[in-house]
Amino acid sequence: MRVCVIGTGYVGTVTAACFAHVGHDVVGLEQDPDKVAKLRKGILPFVEPGTEPLLQEGIAAGNLRFTDDVADAVTASEVIFICVGTPLTPSGDANVDALRAVATSLAPHLHGEYKAIVTKSTVPVGSGDWITMLIEDAMTPDQRSGHSFGVVSNPEFLREGSAVTDFLYPDRIVLGSSSEKAIDLVAQLYEPVVDQSFTEGRAELAPVRLIKTSLESAEMIKYAANAFLATKISFINEMANICERIGGDIDQIAEGIGLDHRIGESFLNAGLGWGGSCFRKDILALKRTAEEYGYSPQLLQATVEVNLLQRMTVVRKLQEELKILKGKRIGLLGLAFKPGTDDLRDAPALDLIDRLHNAGSRVMVYDPVVTDLGPRNESVRFAESVEDLADGADAIVLVTEWDEFRGLDLADLGPRMRTRVVVDGRNAIDPAEAAEAHFRYLGVGR
Ligand code: NAD
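Calculation criteria
Residues numbered from 1 in each chain as written. Predicted model: local features only at pLDDT ≥ 70, side-chain atom pairs only at ≥ 80, totals over all residues. Heavy atoms only, no water. Patch = residues over 30% accessible without salt bridge, like charges linked within 9 Å, V, L, I, M, F, W, Y side chains within 5 Å. Areas by Shrake-Rupley, 256 points an atom, 1.4 Å probe, with all protein chains shown as cover. Salt bridge = Lys/Arg side-chain N within 4 Å of Asp/Glu carboxyl O. Lys, Arg positive; Asp, Glu negative; His and termini not counted. Charge placed at Lys NZ, Arg CZ, Asp CG, Glu CD. Helix = DSSP H or I, 4+ residues; strand = E, 2+ residues; numbered from the N terminus. Domains from an automatic or database assignment. Buried area = accessible area lost by both parts, 1.4 Å probe. Axes fitted to C-alpha atoms, helices over the stretch in contact; angles between N-to-C directions. Parallel < 35°, antiparallel > 145°, perpendicular 65-115°, else oblique. Left-handed = near helix turned anticlockwise from the far one by under 90°. Contact = heavy atoms within 4.5 Å. Pairing = 2+ DSSP bridges. Buried < 20%, exposed > 50% of the residue type's maximum accessible area, 1.4 Å probe, protein only. Disulfide = S-S within 2.5 Å.

(A) The arrangement of a negative patch on the surface in detail. On the surface, Glu387, Asp409, Asp430, Glu433 and Glu436 cluster together to form a negatively charged patch. Secondary-structure assignment places Glu433 in helix α19 (residues 431–436).

Shown next, in the form of structure tokens:
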């Protein structure tokens, strides 16, 4: 099938490359000329494992291309995915400017062949109908009477760091629309993913569940999923905080409750809290929507607050251990909000840098992929290696659990440091090993 993907960021590029991989004809439409130039050459403008080979495969096979020309991309396609950003506004709403711009830009090109317009961006509940309205408003009367399009919500659940696998082998696919014709068209597009027919040797895998819902339900499913996942992490962090005061090991507790199938083991890792481009913005946007309609969601508020406090527990632990932070050298291991990505959106490391810098500490940072912090470059010193980070440090803080930090050679790092203090913000270091290397070890809830 002929597919257009609008907005080639993390979600759009993975979507485009994966649809090409399963055999569709895909064009990516992007407004940023630098990104278009890179993508055309098969260069991924960000870090996402496994995506670049698929990009190059599609370009070489001739079924994946990139453009900045709306008419070209839209006219050629029967299914159009909107994957533009919906960032947080200062008031806590989702910024839908890009969504609006895309919807109105589509109108002149919707004639002739019927098209499904699909929101893959996370959009406030009701956006599907709003997009229909915007497009219809921008159409000529002739176009309007032709009923040439239907809007579908297809929320995306991929995780950065494992986006390709998540896209090709999803837990479920959700399609919401009031138009059966549009839903059927998108369901047809997903057939190779649903029946896993594109994977040789993995054909024995069970078909992926595809659920069809109303437009509003599909939009709400995405918010509910993110709110639940973030709440699960805030919950285990709250338990960890209680453990720190009364005793108990949070890892044992997570195992003990996670084995209950009603709870489940995943997303029960205590640490310095969640981050990333989605959780905070989506929870706050959902909260705003609820408030607009007369409901004040206490649990969502608590999920966000617990998370913010959790980031600061690191600073509290450093203060307790080092006393005055002014003039101390603190090394942060990891900057990205999670391993496997270079995404810094709402990364806990950024809050830590600001707090420690304001407290008068010298903040040193090392991340395997992030080497630029924009305006924060002024407040940090980039180390070239873990060893370089440890040299002269008063404490190191494990912020992102990159694989290479799991096997830290503390016995080697210890003698380089001024004081042997390690704050393990991800409970990824063995406390016994830390003790053996004469470190003062401070984990989360253990
Ligand atoms: P992103 O900022 O990485 O990418 C958005 C892209 O859209 C950018 O390249 C931007 O230049 C482009 N764009 C904006 N306006 C455009 C226009 N008018 N025409 C063409 N291109 C345009 O964002 P992202 O992380 O890929 O997220 C996209 C959406 O998907 C968001 O709504 C997000 O909430 C949702 N989502 C993200 C993730 C994730 O892990 N990143 C997961 C699931 C859902």
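Having seen the structure, we can now continue with the description.
(B) Local environment of the domain arrangement of the protein chain. For the protein chain, the assigned domains read domain 1 (2–213), domain 2 (222–308) and domain 3 (312–442). Computed over C-alpha atoms only, the centres of domain 1 and domain 3 are separated by 38 Å. Carbon and sulfur atoms make up 43% of the surface buried where domain 1 meets domain 3, a total of about 590 Å² over both sides. The largest share of the area that domain 1 buries against domain 3 comes from Tyr10, Val47 and Glu160, three residues that together contribute 79% of it.

(C) The arrangement of the packing of helix α1 (residues 10–21) against helix α3 (residues 51–61) in detail. It is at 9 Å that the axes of α1 and α3 come closest, and there the two elements cross at 55°. Put simply, α1 runs oblique to α3. Remark: the crossing between α1 and α3 carries left-handed chirality. Two secondary-structure elements touch here, α1 through Thr13, Val14, Ala17, Cys18 and His21 and α3 through Thr51, Leu54, Leu55 and Glu57.

(D) Quick look at the sheet that holds strand β10 (residues 362–366). Strand order in this open sheet of 6 strands is β11-β10-β9-β12-β13-β14, and the pairing throughout is parallel. Single-partner strands in this sheet number two, and they are β11 (380–382) and β14 (440–442). Going from strand to strand, the sheet's axes swing by 20° on average, the running direction of each strand aside. Pairing analysis gives 3 bridges linking β10 to β11, with the strands arranged parallel. Bridge assignment links Met364 to a residue of β11, and that residue is Arg381. Packed onto the sheet, helix α14 (residues 298–322) meets β9 (329–333), β12 (395–398), β13 (421–424) and β14 and runs at close to 160° relative to β13.

(E) Focus on the environment of Val399. On the secondary structure map, Val399 appears in the loop between β12 and α17 (403–406). Classification of Val399 by relative accessible area gives buried; the value is 2%. Along the backbone, Val399 and Val14 are 385 residues apart, and their C-alpha atoms lie at a distance of 26 Å. Residues within four places of Val399 in sequence aside, it is in contact with Leu272, Leu332, Leu333, Gly334, Ala349, Leu352 and Arg426.

(F) Inspection of the state of the cysteines at higher detail. Within the structure shown, the criterion is met by 0 disulfides. Cysteine Cys4 is unpaired, with the sulfur of Cys83 as its nearest cysteine sulfur at 9.1 Å. Owing to a relative accessible area of 0%, Cys4 belongs among the buried residues under this scheme.

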